[in-house]
Structures are given as structure tokens and as C-alpha cells.
Amino acid sequence: MSASTSATLRHDWSLAEVKALFVQPFNDLLFQAQTVHRAHFDANRVQVSTLLSIKTGACPEDCKYCPQSGHYNTGLEKEKLMEVQKVLEEAARAKAIGSTRFCMGAAWKHPSAKDMPYVLEMVKGVKAMGLETCMTLGRLDQDQTEALAQAGLDYYNHNLDTSPEFYGSIITTRTYSERLQTLAYVRESGMKICSGGILGMGESLDDRANLLIQLANLPEHPESVPINMLVKVAGTPLENAEDIDPFDFIRMLAVARILMPQSHVRLSAGREAMNEQMQALAFFAGANSIFYGEKLLTTANPQADKDMQLFGRLGILPEAREEHADEVHQAAIEQALVEQKSSEMFYNAAV
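Fair warning: this is a prediction, and the values are worked out from it, not measured in the lab.

Rules and cut-offs
Residues numbered from 1 in each chain as written. Predicted model: local features only at pLDDT ≥ 70, side-chain atom pairs only at ≥ 80, totals over all residues. Heavy atoms only, no water. Disulfide = S-S within 2.5 Å. Buried < 20%, exposed > 50% of the residue type's maximum accessible area, 1.4 Å probe, protein only. pLDDT = per-residue confidence, 0-100. Contact = heavy atoms within 4.5 Å. Helix = DSSP H or I, 4+ residues; strand = E, 2+ residues; numbered from the N terminus. Phe/Tyr/Trp six-rings, centres within 6.5 Å; stacked < 30°, edge-to-face > 60°. Lys NZ or Arg CZ within 6 Å of the ring centre and 35° of its normal. Pairing = 2+ DSSP bridges. Right-handed = clockwise from strand over helix to strand, strands pointing away.

### Quick notes on the state of the cysteines
Okay, step 1: According to the stated counting rule, one finds zero disulfides in the structure shown.
Okay, step 2: Not engaged in a disulfide, the cysteine Cys 103 finds its nearest cysteine sulfur in Cys 134; these two sulfurs lie 3.8 Å apart.
Okay, step 3: The exposure class assigned to Cys 103 is buried, which follows from its relative accessible area of 2%.
Okay, step 4: Judged by relative accessible area, Cys 134 falls into the buried class, the value being 3%.

### Comments concerning the confidence of the model for the protein
Okay, step 1: Predicted confidence across the protein gives a mean pLDDT of 82, with 80% of residues reaching 70 or more.
Okay, step 2: Scored below 50 in pLDDT, residues 1–6 shows 16 contacts in the model against residues more than four places distant or in partner chains.
Okay, step 3: Note that residues 294–302 has pLDDT below 50 and, in this model, 32 contacts with residues that lie over four places away or in other chains.

### What to know about the environment of Met 122
Okay, step 1: Along the chain, Met 122 turns up in helix H4 (residues 116–128).
Okay, step 2: The buried category is assigned to Met 122, whose relative accessible area is 0%.
Okay, step 3: Considering only alpha carbons, one finds Met 122 and Ile 54, 68 residues apart in sequence, at a separation of 9.8 Å.
Okay, step 4: Those residues in contact with Met 122 that sit more than four places away from it in its chain are Ile 54, Leu 81, Met 82, Val 84, Val 87, Leu 88, Met 104 and Met 135.

### Observations regarding the packing of aromatic side chains
Okay, step 1: Tallied over the entire structure, the rule returns three aromatic pairs.
Okay, step 2: Relative to Phe 247, the ring of Phe 26 lies with its centre 5.2 Å away and its plane at 80°, an arrangement referred to as edge-to-face. In this pair, Phe 26 is assigned in helix H2 (residues 26–40) and Phe 247 in helix H9 (residues 246–259), connecting sequence segments 221 residues apart.
Okay, step 3: For Phe 247, a relative accessible area of 46% puts it in the partly exposed group.
Okay, step 4: Against the face of Trp 13 rests Arg 10, its NZ or CZ located 4.0 Å from the ring centre.
Okay, step 5: The positively charged end of Arg 101 is found above the aromatic ring belonging to Tyr 155, 3.8 Å away from the centroid.

### Some thoughts on the pairing of strand S8 (residues 264–267)
Okay, step 1: On S8, burial covers both faces: His 264 and Arg 266 on one face and Val 265 and Leu 267 on the other are all buried.
Okay, step 2: Strand direction decides the pairing type here: strand S7 (residues 224–229) and S8, joined by four bridges, are parallel. Within S8, the residue paired with Pro 226 across the bridge is Arg 266.
Okay, step 3: Between S7 and its parallel partner S8, the chain crosses via H9, and the hand of that crossover is right-handed.
Okay, step 4: Pairing geometry for S8 and strand S9 (residues 287–291), over three bridges, is parallel. Across the sheet, Leu 267 pairs through a bridge with Ile 290, a residue of S9.
Okay, step 5: Handedness of the S8-helix H10 (residues 276–284)-S9 crossover: right-handed.

### Quick notes on the pairing of strand S3 (residues 132–136)
Okay, step 1: Most of S3 is tucked away: four of the five residues are buried.
Okay, step 2: Handedness of the crossover joining strand S2 (residues 101–106) and S3 through H4 is recorded here as right-handed.
Okay, step 3: Both S3 and strand S4 (residues 155–157) contribute to a ladder of two bridges, which runs parallel. Note that in S4 the partner of Met 135 across the bridge is Tyr 156.
Okay, step 4: The β-α-β motif built from S3, the intervening helix H5 (residues 142–151) and the parallel element S4 has right-handed crossover chirality.

This is how it looks when you write it as C-alpha cells:
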């Protein structure tokens, strides 16, 4: 089956249509995905983000894949909410190695009223550096969403993880409808959506197709769609899950590209286990965003210099964003750090 490669965006995909994309010959699927990709993006540019865990471990959710869940003993050292200045220092380092977006993740079911002021200061400080801002903080209510938008948050990450049908086998402490409600609040606030899922948790082809259908049939497609390969962590219920076939993972990227032609499709968690050839196929399939740096929240990620070496061999350049002059950025960074030092925004999050 062939899907349109025109600029028309669809929000009415059926399961039969999407499964037909998945099962067509591999070369045909990749050719179709690459054709769609080139109609909307520079095929040799990849958006680069850095992800920082601003609060690690002791999460009350029971997501079976997650080493940060307080339900499992994974040996992960629990950490309190980072001080604002330390977050800004990490953001400055991310900018220095070429990232254009700084993503901050906290292991929460939802942000507390006590923590929100510090989170908002992080957004403002990172924004002042000329970086795009992204956060993942769990479920949001409408007031929290509006506050983040007013602070200047560009993207909110809230993954659906898998299909509605398989979701209950992976998570029981938060409903699928709650996830969709958070995405609706984010969209209503004017922020951009980052939402995707995880492969390798024991899901079926129908589950993979239905995950993409949930995303592609939203009133507006997510601007960023992270596709994660399960990182199996000892102590989690999925530590012995069967490895996903690499070609099946590439197929997921390609179908995501076809269904959401104007979205950035992010090659996300699991890259540490992918060789260069698999990553090159991923970019050909339409992936055009990566996380950059040594760690992705709590799991390993290819080091930045290795990524740049691979980009060089493939002729890929980091995607740029419109920025001010370097001296303006430096002044903004210094001013933000001075303001945070002199403010009341530094505290012990455990108090």
C-alpha cells in the first residue's frame, strides 16, 4: 500500500492502512519514508537536544520499563530537585557542545506546588541563553500548563508509551486518558508537544500501529515524536524482555515519518545499543532528531564526540535555529546566573 507523499496532513489513519505500511517490503517502505522526509526537511540536517534529569528516582509511578520508579529496586541513587544555578550551568555546557534544545526531566507523577516556582525559574534561565526549552514533569493540570507556557517553555514531553490496548500491561498508576488530557492542556496553552513511545516491551504489531495512530490522529501532530528502544534495566519487570529486531525498529521510524510528515522524529533511548549502520538507516528512514551527550536521564547515550564523528561520515549537520550573536548569548547566560544567585530560588528540595 502506498501513502501520499504530498504536503497534505492526515488525522484519520486506520489500523488497516498503517499495518499495510509496516508490512510492505523494507526497501519500498524506506524509499517512501525518505521521499516524504525530503518533501518537508533537509535530509542532511538533524536536530540536536540535550536531556538532563533535574530530579532523579523515587517516582510513585509503576512504569515497568523505568529504573526511576520507586516500585523497583534498580540500585539507582535517588536525587533531590537540582538547584536552578546547576541546571543553568548544565544548559550552558549543552549549548557549548552544539545542542539547540535543552530538555529537563523530573521523576514525578506530577509537579508539586512547592516545586513549581523553581521549575519556572529553570525555564526562564535556559530560555535566556537562546536555547529551546523542553520539560517532562509528569501529568499537568491546566494552571501548571499555563504557568509553564508563560515562563517561556517551548516543548512539553509526555509520551503515550504504547497503544491504549497494551498500556495497562505496562502502567497501572496513570491512565491513558490522563496522558491525553495533559497533551490537550499543552496544546491549548500554545506550547509544542513532544510525544512518542517505546518499542521492545512485548507489544504486538497492532500495538505499534495503534500508538502511531493515537499520535497521528491528534487534531495537530506532535512537533516532536521520540521513538525509544527499550533499555533493559536490572530490577525492572522488563529486564529480561526479548530484544526487538533492528529492522522492526527502523520500520517504526519510517511509518512515523510517513504518518507525521512535518514532525521531527527523534531517535531516542537505546542508541547506545545501536551500531553506526543501524543509526544511519534510522536517519534514512526519516529520523531527524537525537539526544546528544553521555546520559539520557539515567541510561547511557553515545558520547557527543562519537555522534559528531558519525555525522561527519554521513555528511549530516546539526539543525540550526535562529539565534542572536554569541556575545549576546554570553551576556544572557551571565545575567541569568547572577539573578539566580541573588534570588530566593536556591533551596533544598527535600525541605
